[in-house]
Every structure is written in structure tokens, then in C-alpha cells.
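Analysis of the macromolecular model
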Amino acid sequence: MNDLWGAFEQAIRLIVSRDPEVMNIAWRSLWIAAASTAICVAICLPLGSLIHFNKFRGKHLLLSLLQTLFSMPTVVVGLFVYVMVSNSGPLGMMGLVFTPAAMVIGQTLLIIPMMLGLVISSFSGVDKAVMETATSLGANRLQAYTINIKEAKFPIMTAVAMGFGRAISEVGASMIIGGNIKGYTMTLTTGISQYVSMGLIEQAFALGIILLLMALLINIAIYLLQKRRQYVWFPS
Amino acid sequence: MVPIIEAINLSQIYEKKQVLKDVNLQLERGDMLALIGPNGAGKTTLLRLLDLLEKPSSGRIIFDGNDVTASGRSRLKARRRMAFIHQKPIVFNLNVYNNVACGLRFRHENKRLIKEKVEHVLELVGMSDYHKRDARTLSGGEMQRVAIARALVTEPAVLFLDEPTANLDPTSVSKVEEILARIISEDKTALLMVTHDMAQGQRVARKIGVLVKGEILQIGSPNDIFLAPASTRVAEFVGVENILPGMIASKENELATVDVNGMKIQAITDLAPRENVYVMIRPEDITITRARENTSARNNFEGRITRIIPLGPLTRIEIDCGIPLLGVITTRSAGEMALAVDSKIYASFKATAIHVIKRL
């Protein structure tokens, strides 16, 4: 128990003293997960609108497939992206293997099904008449989608938070695609795994605490965003 | 004057069911047409087609001289010169000001102009103090006024209203009607309102159209529609409950004697003798008395009451006087005359109160 408490104290010390290695890992984790989430939002909002507001053959099948992919194992995504970007893979010439960029691709692919599914279900909660009212007020298709997204902003923000949470907390894909290279592709989760295997419990604890703090901060940010005053802008 | 919007042989079929059939109508700026019809007649579908929210199965829509039936940019351009007020007002999850400003922002109007117009229109609908209120916290009547402001702020050339007061309390109804009257008086906008409230159609509109089972049966002034319906279907819908088949037996100038089941009814009509006709009498045009009275009414019949149906302040009296007749009198009069089933009474009505149409 004393060992555990000591490790915890040491972890706090590492955070408070802003240990360069710990900070470096935390910052990398944050931007890789944030970049993946941002790319995912840019894909899921328009794609989700198109899927929700259009009738097409195979729509139900697609939605079922998305739900199935919600719980896709991270190592499977890691394996898929690794095969794609490895030197002998179709994208091998881009030299992405064991780079943060490849990790962004992996995390994006990992969270797309979940975020897309949640975005579509967020739209289902909006009164269908909203789209029609916007259209009758002179909105073009893009503007009508935008107003629909605004109506569904709270569940969409939750979807974004969940996507970010899944991205920053996954370990399998980052480990396989990034290779857990210290100072280059090591993230909070892969770092914890590495430090534990090396017996460096204090460092592992420090990374774990930072991971939890980030989750907390993201949730607070989402809450504040939801309370923010109205900002109205429509695309042309 | 060129019509601002015109429907030519407009039809709509949903899953093999014909919802609208060859609808033709035109509206000019300043027109106010109320379409009345029973539920499921296709009224809302017609508005949706005209507002270019959906495409017709066949027929054409001409807006300001341009055919906008087909898809393309012309539809968006035309739609931006129209506005639609729904039966159930939908307000966006924004404050009142931003809700009303929406249509102008879609059109990329400049900020200063938006502010000016929104403030003006909010004043028009009596909601100047509501700028910052979350639109979702408003009452039904207030929401409808926001929806009206949101439509009016774009200064539409055509305004569609789908039962705009159906869910409102009487005070809100009169406020909305007041706003509509003001728009009509400006003569800039063509209004097309659908309603199943005939009295509202009569109060608000300059012209009334009757839409039944997807077909426009008649368009005319409120007097034409209510007092001189063109067919039995229109008559039934507008409350002419005495529709009696007969034949014009003789005619002297415009005064015809119509034989209805052996009874002679005198009516004013242009139709010729020997013509098979329907005689139409509104229940409220029939006077019911206990004793035969010397009145100016040319038609006086003795009969017996077969049924009495109280309807609050009014009472419906079904009479058998050789032909079945239905009259309406005040409940107070019914009480004073001590009317009861099987009571002997006299029913009288004027020749001018009768509308006669040809029976095909």
C-alpha cells in the first residue's frame, strides 16, 4: 500500500514539476487524438447529414454495419492501417509507418463508425419539420443541414467527446501503427503500457493521472460550449 | 396583371393514391385566397408543391413568369421569394431575434439591414420585448407570431399559411388574423391560406376555394361559395344541409316553381322549365313557427318535428313536411315555443334564399 501511495506521490511530483518527458508524451497524445477527432468531425457531419436526409438502397444495412463497427477492436484497426502503410503496403511509398501521422489515420478510422452512428442518431432526434422549415425559409441544402446540425448540437457534442475519449484512450492501434517510439510516437496509453513493463510505476501513474485529467477537462469544455451564447452563421 | 404564381394541371400521386388532381389556380399580388376543405383533401400537399418543397407527379408551377417545376437553381431563387407558415410552428433552438433573422441570413443580407428589418417585423407582430427570449420557451400563440415574423421579414411575394391558427386560443387567433389583415391591406403579397375553419376563411379572405378529394371544386367570393355553391359536393361541405332533387315545373320571369316530391317550392333561378335541378336551402334561412304566419316568404309548409338536436346556443330541428327539411333556431326560441318531437310546426323560407343548380 505504501509503495502504491509513494508511486502516486512521485507521479504528482512529475506532473507538478512538468517533467519534460511526461509533458512531451501528454502533448503528443492530445494533438494526435484532437487531430483524429477534428478530421472525424469534418467527415461525419456532412456524411451523417447525407445519410440521414437521403433515402437510398442499403441504408438500413449501412446503419447496422456502423453499429457493429462501434466496438471494432483497436488492434484490428491497427493491423489494417499497418498493412496499408507498411513499406510493402499500398501506401508504403508515403513512409507513414511508425509516424504520428499514421496514428492519426488509425485513430480516425477507429472512431469514424461510432461518431457517424452517433451523429446520425442525433439527427433522428431533431423534428423533421426543422429541415423543411429551414428550406421554406430559403435555405439551400447546405444551410438546411447546418441548421439541423445546430438543432442537434448537444448530442453531437457528446458524440465528439465520446470520439475523442475513444481516440485518446485506445492503445492497440497506436502501439501497432506508431511502434511506441520514445520521444516520437509514444502516447499516454502506450507509454503506460511500456513503463509498467519496465517497472516504472511512478511514470505510468503520472501518465494515467494526466489521461484522466484530460478526460475531465474535455468534459468541462463540452459543458461550457453547450452553455455558450448563441453564435449564428450559415454557409453560403 | 401577370399572376405571381400559377398552378397548371397540378397532380400529385403518393404510392398510387391520387392526392391532387389537375389543380389550376393563379394568384396575383394582393390576392388573398382561402382554400377550405375537409381533412385529407390535399390542402397541405398543394401548399408544399407551390412552395417548391416537393415536386408534383405532373403539371407545372409558374412563378413570376418562370417555369419552376423542374429542379435547379430557379427553384431556390423562387422559394426565396415565398414563405410558408406551418400549422404547428417550428422555432429553431435560438433566441427570438435569431429565429426571425434566419431567412435573411440565408440570403446573406448585411448585418445592419437584418437588425433593422427584424426589429421592424417584431414590432409589427407585437413582440418587440422578446428579442433575447429563447424561442422554445414561448407559448403556442407567441411561437406562431415568431413564425409569422420570420416569414414576413423576408418580404415574400407569396405567403402560404397552413391552418395558421388551428392550435391557438381565441385571443391569439384574433391577433394572428389582425396581422394577416394588415398584410392584405398592403397589397404587396399574395396570400394562400388553407383552413378547415370556414368562418375564418370567410372572415379573412377575399376569395375562397373549395378543395375536396384533391380537386378544386369552386373558387369564388365568400358569398358565392356559401350562398351559391356550384355543386352538391361544395354545398354539402359549406353547410347547405337541405339539398332536394326536383324539376322546374313552371316559371314566371325569374320566379320558378320547382316540384320536389310533389311539393311546390318557389325559387329565383335562371334555369328553364322542365330542367332537373337541386334546390338548396341553408338551415338558418328556414323560419320555424308554431302557427301559420303571414310573412313575405313565398314558401310556407306545415310539418311535424322528427328530431331535435341541441347544439349549445343553437338547436337543429328536423322536420317532415312531405319533404325532409332541416332548420336551425336559437335554443332560447326552441324553449319558448316548447318544441318537441311530433309537434306541429310551420316552416317558411324566401324564394330568394333558395339556390337552384342543374341536376346532371
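Residues numbered from 1 in each chain as written. Chains lettered and ligands numbered in written order. Predicted model: local features only at pLDDT ≥ 70, side-chain atom pairs only at ≥ 80, totals over all residues.

**Regarding the nonpolar core**
The condition is simple: We call a set of buried Ala, Val, Leu, Ile, Met, Phe, Trp, Tyr and Cys residues a nonpolar core when their C-beta atoms link them within 7 Å. Neighbour counting defines burial: a residue surrounded by 20 or more other C-beta atoms within 10 Å of its own C-beta is buried, one with 12 or fewer is exposed, and intermediate counts give partly exposed, using backbone-placed C-beta atoms. Segmentation into domains, and thus their bounds, comes from an automatic or database assignment.
In this structure, Val-100, Val-146, Ala-149, Phe-160, Val-210, Val-279 and Ile-354 of chain B are the most contacted members of the largest nonpolar core, which totals 112 residues. A domain split of this core shows at least three residues from each of domain 1 (5–236) and domain 2 (241–358) of chain B. Among the nonpolar cores identified, the runner-up in size contains 38 residues, and Leu-45, Val-85, Met-103 and Ile-177 of chain A belong to it.

**Notes on the sheet that holds strand 8 (residues 190–195) of chain B**
Residue and element names in this part refer to chain B. Note the following rule: At least two bridges found by DSSP between two strands are what make those strands a pair. Where helices and strands are cited, they refer to DSSP runs of H or I of at least four residues and of E of at least two residues respectively, numbered from the N terminus. Here an axis means a line fitted to C-alpha atoms, over the contact stretch when the element is a helix, while the angle between two N-to-C directions is reported on a 0 to 180 degree scale.
Pairing is mixed across the open sheet formed by 6 strands, whose spatial order is 6-7-8-3-9-10. The open sheet has two edge strands, strand 6 (82–85) and strand 10 (215–220), and neither has a second partner. Going across the sheet, the axis of each strand differs from the next one's by a mean of 15°, ignoring polarity. Inspection of the sheet shows strand 6 paired to strand 7 (residues 158–162) by 4 bridges, in the parallel sense. Bridged to Phe-84 within strand 7 is Phe-160.

**Here we look at the interface of chain B and chain A**
Quick reminder of the rule: It is the C-beta atoms, placed from the backbone, that decide contacts: two residues are in contact if theirs lie within 7 Å. For this classification, Asp, Glu, Lys and Arg are treated as charged, while Ala, Val, Leu, Ile, Met, Phe, Trp, Tyr, Cys and Pro are nonpolar and the rest, including Gly, are polar.
Listed per partner, the contact involves 22 residues of chain B and 19 residues of chain A. Elements represented by at least two residues in the side of chain B that touches chain A include exactly helix 2 (73–79), strand 6 and helix 3 (96–106) of chain B. For the side of chain B that touches chain A, the element with the highest residue contribution is helix 3 of chain B, accounting for 5 residues. Each residue belonging to the side of chain B that touches chain A can be placed in one class, and the counts come to 9 nonpolar, 7 polar and 6 charged.

**Quick look at the environment of Phe-349 of chain B**
Tracing the sequence through the fold places Phe-349 of chain B in strand 19 (residues 344–349). Separated by 320 residues in the primary sequence, Phe-349 of chain B and Arg-29 of chain B have C-alpha atoms spaced 41 Å apart.

**Examining the sheet that holds strand 2 (residues 17–27) of chain B**
Residues and elements named next belong to chain B. Pairing is antiparallel across the open sheet formed by 4 strands, whose spatial order is 2-1-4-5. Among the strands making up the open sheet, the edge pair consists of strand 2 and strand 5 (66–67). In this structure, strand 1 (residues 5–14) lies alongside strand 2, joined through 7 bridges in antiparallel fashion. The residue bridging Gln-12 from the neighbouring strand is Leu-20, located in strand 2.

**Describing unusual backbone geometry**
Residue and element names in this part refer to chain A. Its identity is not glycine, yet Phe-98 carries a phi of approximately 60°, on the positive side. Assignment of secondary structure puts Phe-98 in the loop between helix 4 (74–85) and helix 5 (100–124). With a phi close to 55°, Asn-180 is a non-glycine residue in the positive phi region. Within the secondary structure, Asn-180 sits in the loop between helix 9 (172–178) and helix 10 (188–198). A count of 19 C-beta atoms within 10 Å places Asn-180 in the partly exposed class.

**What about helix 3 of chain B?**
Of all 11 residues in helix 3 of chain B, 9 are buried, a share of seventy percent or more. Every buried residue belonging to helix 3 of chain B is among Val-96, Tyr-97, Asn-99, Val-100, Ala-101, Cys-102, Gly-103, Leu-104 and Phe-106 of chain B, and all of these are buried. Buried residues belonging to helix 3 of chain B abut helix 7 (141–151) of chain A together with helix 4 (111–124) and helix 5 (140–152) of chain B. The first or second residue beyond helix 3 of chain B is His-108 of chain B, which carries a positive phi of 60°.

**Looking at the environment of Pro-229 of chain B**
Residues and elements named next belong to chain B. Locating Pro-229 in the fold gives a position in the loop between helix 8 (222–227) and helix 9 (232–237). Along the backbone, Pro-229 and Ala-181 are 48 residues apart, and their C-alpha atoms lie at a distance of 26 Å. The contacts of Pro-229, once residues within four sequence positions are left out, are Gln-218, Val-234, Ala-235, Val-238, Val-240, Met-280 and His-355.

**Considerations on the domain arrangement of chain B**
Residue and element names in this part refer to chain B. Entries for chain B in the domain assignment read domain 1 (5–236) and domain 2 (241–358). The C-alpha centroid of domain 2 is placed 39 Å from the C-alpha centroid of domain 1. On the side of domain 2, 5 residues touch domain 1, which itself brings 7 residues to the contact. Here the side of domain 1 that touches domain 2 is built from residues that sort into 5 nonpolar, 2 polar and no charged.

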